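Here's the letter readout for the chains.
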Amino acid sequence: MSHPDTHVRNRDLPPIPGPLPVEIRERIFSLLRRYPSKQAVTLPALHLVQDKLRCVPRWAVEEIADILDLSPAEVHDTMSFYGFFRDESDRLGARRLWVCRSLACALRGADSLLEKASEFLGVPVGGTTSDGTVTLELAECLGACEGAPACMIDDEHVHDISDESRMRELVHRLRNAPAGPASGQ
Amino acid sequence: MATYEPVLLRRIGRPECQGIEGYRADGGYKTLERVLKELTSEQVTNQVKDSGLRGRGGAGFPTGLKWTFLPKGHPGPIYLCVNCDESEPCTFNNRVLVEKDPHQVLEGIILASYAIRATTAYFYIRYEYGHGMRQMQKAIDEAYSAGLLGKNILGTTFSLDVFVHRGAAAYICGEETGLIESLEGKRAWPRIKPPFPAIEGAFRKPTIVNNPETLANVVHIMERGVDWFKSIGVPPDPKNPRDAGSYGPKLYCISGHVNKPGIVELPMGVTLRELVEKHGGGVWKGRKAKGAIPGGNSMGIIPESEFDIPLDFNGPGTVKALGLGTAAVTIFDDQTSIVDVLHNLCRFFAHESCGQCTPCREGTGWMLKIVERIRRGQGRREDLDILEEVADRIGIMPGTTICGLADGAGWPVKTAIRKFRPEFESYLKTGPRQGVRLQMAQAH
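Residues numbered from 1 in each chain as written. Chains lettered and ligands numbered in written order. Predicted model: local features only at pLDDT ≥ 70, side-chain atom pairs only at ≥ 80, totals over all residues. Heavy atoms only, no water.

A. Here's a closer look at the confidence of the model for chain B. Residues and elements named next belong to chain B. Taken residue by residue, chain B gives an average pLDDT of 95. The fraction at 70 or more is 97%. Scored below 50 in pLDDT, residues 439-444 shows 20 contacts in the model against residues more than four places distant or in partner chains. Two numbers describe this predicted complex: its pTM, 0.95, and its ipTM, 0.94. (pLDDT = per-residue confidence, 0-100. Contact = heavy atoms within 4.5 Å.)

Here it is as structure tokens:
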């Protein structure tokens, strides 16, 4: 299926200036006491940064590494293992819509839903709308199988998106809702 | 059989089922108070061991026995990691517990930590459970305010901190050593065992990894005793010397082509047929079932003719499925193509293989490619044998991978082909029927 070429071309966006906001740095420092190793704060720190900046720029990887006494390569190694985190060339929209494609949802029509979501938003899977409001993702089992086909907005489940009209409604609601991504930690 | 009264789910759906006040009004934390004042750590471990409780996360390892593997007289620290990664497809029992009754799980965490002498517990929860994460954090905050966490809990010498740690959407983090690596801030590559986590786990210290449902059971075992727990469920199968029995209640998830998808708590040993017909409201649209996944994708696929197996730790193995797994049952009806079902499962494992071991990384990728070509109508006669051969050779059982998730990727393939071979063979001849197959999603 071809898409109208309206999704964000990140290379045209201005770079995100560093350094990290003071409140993010302070929250990262406040988590250090929870673990016997600084490295354990890697995932929480990545969550905090991506929640705020909608990606983890290279300079933020270096800043996290500096706080945690790691090499930037170690932070990047962890970050890139999880397909979840985005770098600056591939930043997220204000909200993320995940459409589940695993068995319980697929048996109730999820594959065509993902296609529909892609059509309504005008972006391919993984892409972000040109106004920067929504990024579309596919998900492996969300653990919401009693409400299949299920979707997720940021980190909250939405049950029973059982047909095209419900997906249309969901997309409409997302595009017009004020941005307010859920917090990481 | 008399109607079973739920224990783990008994508070769910009541108003105030999430807050500490409601939990205490229902008798919550009384068991903890009594245990901390009257019993030693060894006594708690022994009671859990005597109950026969087996882990609810998938492998079914005896919980109390796992606790005894910790080094005796260790100076600490010892860690408890709660595995709420719950990424096995079609599984959501822990999500319901944590979202709706987080204090029940938390009381189990505190009891288990007391038993194993842990002073720090990490509650590892998958990213997708944002609501559950916030409910658990709220419960933890309430427990600190009530003196149930922190220093000198309820005036005793026992102290415990509990921290929530969020994952980042990776299936492999549910493998216990993958979880530990992820907690430590590394890529979630499972570790070679031994050493097992009880000897060297999180931060190279002795660590116990338990599942929330397992820990919720601990509360009731300590409250009601071993005899109560053993009065529920199924004793060991005399024909299987390796079966340690399947005692206690179990949360069963029902999804797919049924009229009433949902979660139900029953004594271990309910048959798959009863689960579908009585508790799942029967197959949807008045159709018949073709088959089911008896306990999450990794356990394999079984045909309708085998629905009379009991869903206990021993039952699925008697029809050569991998095991009970997470007891998450997914039904597909007789209009569904087995090729589409297998394609969906293979796609999942190819997407989620962590990439550490070559047989799994390459094997899951090739199994998907072969199933894709069959599904497109371009399958070859030898494809079924190749699939079986690959599926048989990846995993911890054939000894080619570090963790058991590779076995879980092979099992659906070999069970599908062995149990539904005629359908595959006819599909190879005719190709896809137009209009009834699932649409293929875009590649990620």
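B. A look at the sheet that holds strand E2 (residues 120-125) of chain B. Residues and elements named next belong to chain B. Ordered by their spatial adjacency, four strands build an open sheet running E3-E2-E1-E4, and the pairing between neighbours is parallel. Every other strand in the sheet has two partners, leaving strand E3 (161-166) and strand E4 (207-210) as the edge strands with one partner each. Averaged over all neighbouring strand pairs, the angle between strand axes comes to 20 degrees, with direction disregarded. Examined bridge by bridge, strand E1 (residues 79-84) and E4 share four bridges and lie parallel to one another. Across the sheet, the residue bridging to Val 82 is Asn 210, located in E4. Relative to E1, helix H9 (residues 212-224) is tilted by about 115 degrees, and along the sheet it contacts E1, E2 and E4. (Pairing = 2+ DSSP bridges. Helix = DSSP H or I, 4+ residues; strand = E, 2+ residues; numbered from the N terminus. Axes fitted to C-alpha atoms, helices over the stretch in contact; angles between N-to-C directions.)

C. Inspection of the domain arrangement of chain A at higher detail. Residues and elements named next belong to chain A. You can read the domains of chain A as domain 1 (17-89) and domain 2 (91-176). Using C-alpha coordinates to define each centre, domain 1 is positioned 27 Å away from domain 2. The interface is formed by eight residues belonging to domain 1 together with 11 residues belonging to domain 2. With both chains or domains summed, domain 1 and domain 2 bury close to 720 Å², and 37% of this area falls on carbon and sulfur atoms. Where domain 1 packs against domain 2, one counts two salt bridges. Linking domain 1 to domain 2 there are seven residue pairs in polar contact (both at pLDDT 80 or more). The residue makeup of the side of domain 1 that touches domain 2, split by class, is two nonpolar, two polar and four charged. (Domains from an automatic or database assignment. Buried area = accessible area lost by both parts, 1.4 Å probe. Salt bridge = Lys/Arg side-chain N within 4 Å of Asp/Glu carboxyl O. Polar contact = N/O pair within 3.5 Å; in protein donor to acceptor, adjacent residues only side chain to side chain. Nonpolar A, V, L, I, M, F, W, Y, C, P; charged D, E, K, R; others polar.)

D. Structural detail: the interface of chain A and chain B. Listed as interface residues are 50 residues of chain A and, on the opposing side, 63 residues of chain B. Summed over both sides, the interface between chain A and chain B buries roughly 4,700 Å², with carbon and sulfur atoms accounting for 55% of that surface. It is Phe 81, Leu 103 and Leu 107 of chain A in chain A that bury the most area against chain B; as a group they hold 15% of the surface buried on that side. Summed over the shared surface of chain A and chain B, the number is five salt bridges. A salt bridge links Arg 166 of chain B to Asp 155 of chain A; its shortest N-O distance comes to 2.7 Å. Secondary-structure elements contributing two or more residues to the side of chain A that touches chain B are helix H2 (42-53), helix H4 (72-81), helix H5 (103-106), helix H6 (110-121), strand E2 (134-139) and strand E4 (156-158) of chain A.

E. Quick look at the packing of aromatic side chains. Counted according to the given criterion, the structure contains 18 aromatic pairs over all chains. Measuring from ring centre to ring centre gives 5.1 Å for Phe 81 of chain A and Tyr 82 of chain A, while their planes differ by 85 degrees; the resulting arrangement is edge-to-face. Among the aromatic residues, those joined into a cluster by ring pairs are Phe 81, Tyr 82, Phe 84, Phe 85 and Trp 98 of chain A together with Tyr 127 of chain B. In this structure, Lys 285 of chain B is placed above the aromatic ring of Trp 284 of chain B, and the distance from its NZ or CZ to the ring centre is 4.2 Å. Lying across the ring of Trp 411 of chain B, Lys 414 of chain B places its NZ or CZ 3.9 Å from the centre. (Phe/Tyr/Trp six-rings, centres within 6.5 Å; stacked < 30°, edge-to-face > 60°. Lys NZ or Arg CZ within 6 Å of the ring centre and 35° of its normal.)

F. Structural view of helix H5 (residues 93-100) of chain B. Counting buried positions over the eight residues of H5 of chain B gives seven, a clear majority of the element. Looking at H5 of chain B, one finds that the buried residues are Asn 93, Asn 94, Arg 95, Val 96, Leu 97, Val 98 and Glu 99 of chain B. (Buried < 20%, exposed > 50% of the residue type's maximum accessible area, 1.4 Å probe, protein only.)

G. Focus on unusual backbone geometry. Here the amide bond leading from Gly 18 of chain A into Pro 19 of chain A is cis, since omega sits at -5 degrees, within 30 degrees of zero. Assignment of secondary structure puts Pro 19 of chain A in the segment before helix H1 (22-31). Positive phi, close to 65 degrees, is recorded for Glu 16 of chain B, a residue that is not glycine. For Glu 16 of chain B, a relative accessible area of 58% corresponds to the exposed category. Notably, Lys 285 of chain B is not glycine yet its phi reads approximately 55 degrees, a positive angle. On the accessibility criterion, Lys 285 of chain B (56% relative accessible area) is exposed.

H. Molecular detail of the sheet that holds strand E11 (residues 328-333) of chain B. Residue and element names in this part refer to chain B. Strand order in the open sheet made by the five strands is E8-E7-E11-E9-E10, with mixed pairing throughout. The outermost strands of the open sheet, each flanked by one partner alone, are strand E8 (262-267) and strand E10 (302-303). Bridge analysis of strand E9 (residues 289-293) against E10 gives two bridges, and the strand direction is antiparallel. Bridge pairing links Gly 291 to Pro 303 in E10. Across the sheet, helix H11 (residues 272-279) lies against strand E7 (249-256), E8, E9, E10 and E11, angled at about 130 degrees from E8, the strand it touches most.

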